[in-house]
Amino acid sequence: MYSKIFRTVIIGAPGSGKGTISELIVQTFGFLHISSGDILRQNIMNNTDLGKKARQYISSGRLVPDEILNKTMLGRITEVGNKSYILDGFPRNKEQAEVLAGSEHIDAVINLVVAHDVIIDRVKNRWIHPPSGRVYNIGFNDPRVPGKDDETGEPLVQREDDKPEVVKKRLQLYDKIMLPVLEYYKDRGIVTTFRGSRSKEIWPRVELFLREKIHKCP
Ligand code: AMP
């Protein structure tokens, strides 16, 4: 869609709307969405060598070792060739950021900041249909029949780890882990922070930012 290849990293806590914003970037600008979590989950599902290695870490809530992630993500970036992309979930520490910088020039880092209270409140109202992964948000996108999935009529459930105290811990941990990555990119002057509470409100600013950035690129 655009001649200049534009390489971005998206950073945002779980529940910040990172998935929604990434999807809108894909639809609007034709970027590829390269998500480390998705790649790992897919490999686990297909029981590949990588999947077998990653499974033990992910299931116990640990990060997968850097060597594995670096190789996987750089491999994927090379595979997609000369296309604009958004990296999601990678880098997750300074070492990964350095390895990435060794082979790729990152043009921009999109940092989504949504207040913890807002995320906790939103997640509290989240109900899911486990077999399909469909997500409903009470007061925002309600199911047609309360407590029932729209397509199948099956019951909706709340995830154990969507409980406020669990979410709060997860958010604090996320901020702590990502701080060095953000600092790394801030030192290089490429971070743009978007604050808000809803993707609907954040998206127009991200869109404008990308349009201007892409336009300015030679
Ligand atoms: P995510 O969907 O991004 O939360 O990723 C799911 C899980 O995959 C994480 O909890 C980690 O165990 C693993 N993972 C994803 N990205 C990375 C990364 N960059 N470094 C290490 N582990 C990762």
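See the structure printed just above.
The structure reproduced in this document is the subject of the present report.

So, how was this worked out
Residues numbered from 1 in each chain as written. Predicted model: local features only at pLDDT ≥ 70, side-chain atom pairs only at ≥ 80, totals over all residues. Heavy atoms only, no water. Salt bridge = Lys/Arg side-chain N within 4 Å of Asp/Glu carboxyl O. Buried < 20%, exposed > 50% of the residue type's maximum accessible area, 1.4 Å probe, protein only. Helix = DSSP H or I, 4+ residues; strand = E, 2+ residues; numbered from the N terminus. Pairing = 2+ DSSP bridges. Core = buried A, V, L, I, M, F, W, Y, C linked by side-chain atoms within 4.5 Å. Contact = heavy atoms within 4.5 Å. Arc of directions from axis to C-beta.

### Quick look at the pattern of salt bridges
According to the stated counting rule, one finds 15 salt bridges in the structure shown. Between D150 and R144 there is a salt bridge whose closest N-O contact spans 4.0 Å. Accessibility expressed as a relative area gives 27% for D150, which makes it partly exposed. The salt bridge involving R170 is made with D162; its shortest N-O contact spans 3.8 Å.

### As for the pairing of strand 4 (residues 108-113)
Within strand 4, 5 of the 6 residues are buried, leaving the element largely enclosed by the surrounding structure. Two elements, strand 1 (residues 7-12) and strand 4, share 5 bridges in a ladder whose sense is parallel. Of the residues in strand 4, the one forming a bridge with G12 is L112. Pairing geometry for strand 4 and strand 7 (residues 191-195), over 5 bridges, is parallel. Looking at the pairing, L112 lines up with F194 of strand 7.

### Remarks on the nonpolar core
Residues I25, L87, I106, I110, Y185, V206 and L210 are the most contacted members of the largest nonpolar core, which totals 53 residues. Per-element accounting of this core gives the leading share, 8 residues, to helix 7 (residues 164-187). Setting aside residues up to four positions removed in sequence, I106 forms contacts with R7, V9, Y85, L87, L100, Y185 and I190.

### Side note on helix 2 (residues 36-45)
Of the positions making up helix 2, those classed as buried are S36, I39, L40, N43 and I44. The buried residues of helix 2 occupy one face: seen down the axis, they fall within an arc of 135 degrees. Looking at helix 2, the residues exposed on the side facing more than 90 degrees away from the buried face are R41 and M45. Buried-residue contacts for helix 2 involve strand 2 (32-35), helix 3 (49-59), helix 4 (66-80) and strand 3 (85-88).

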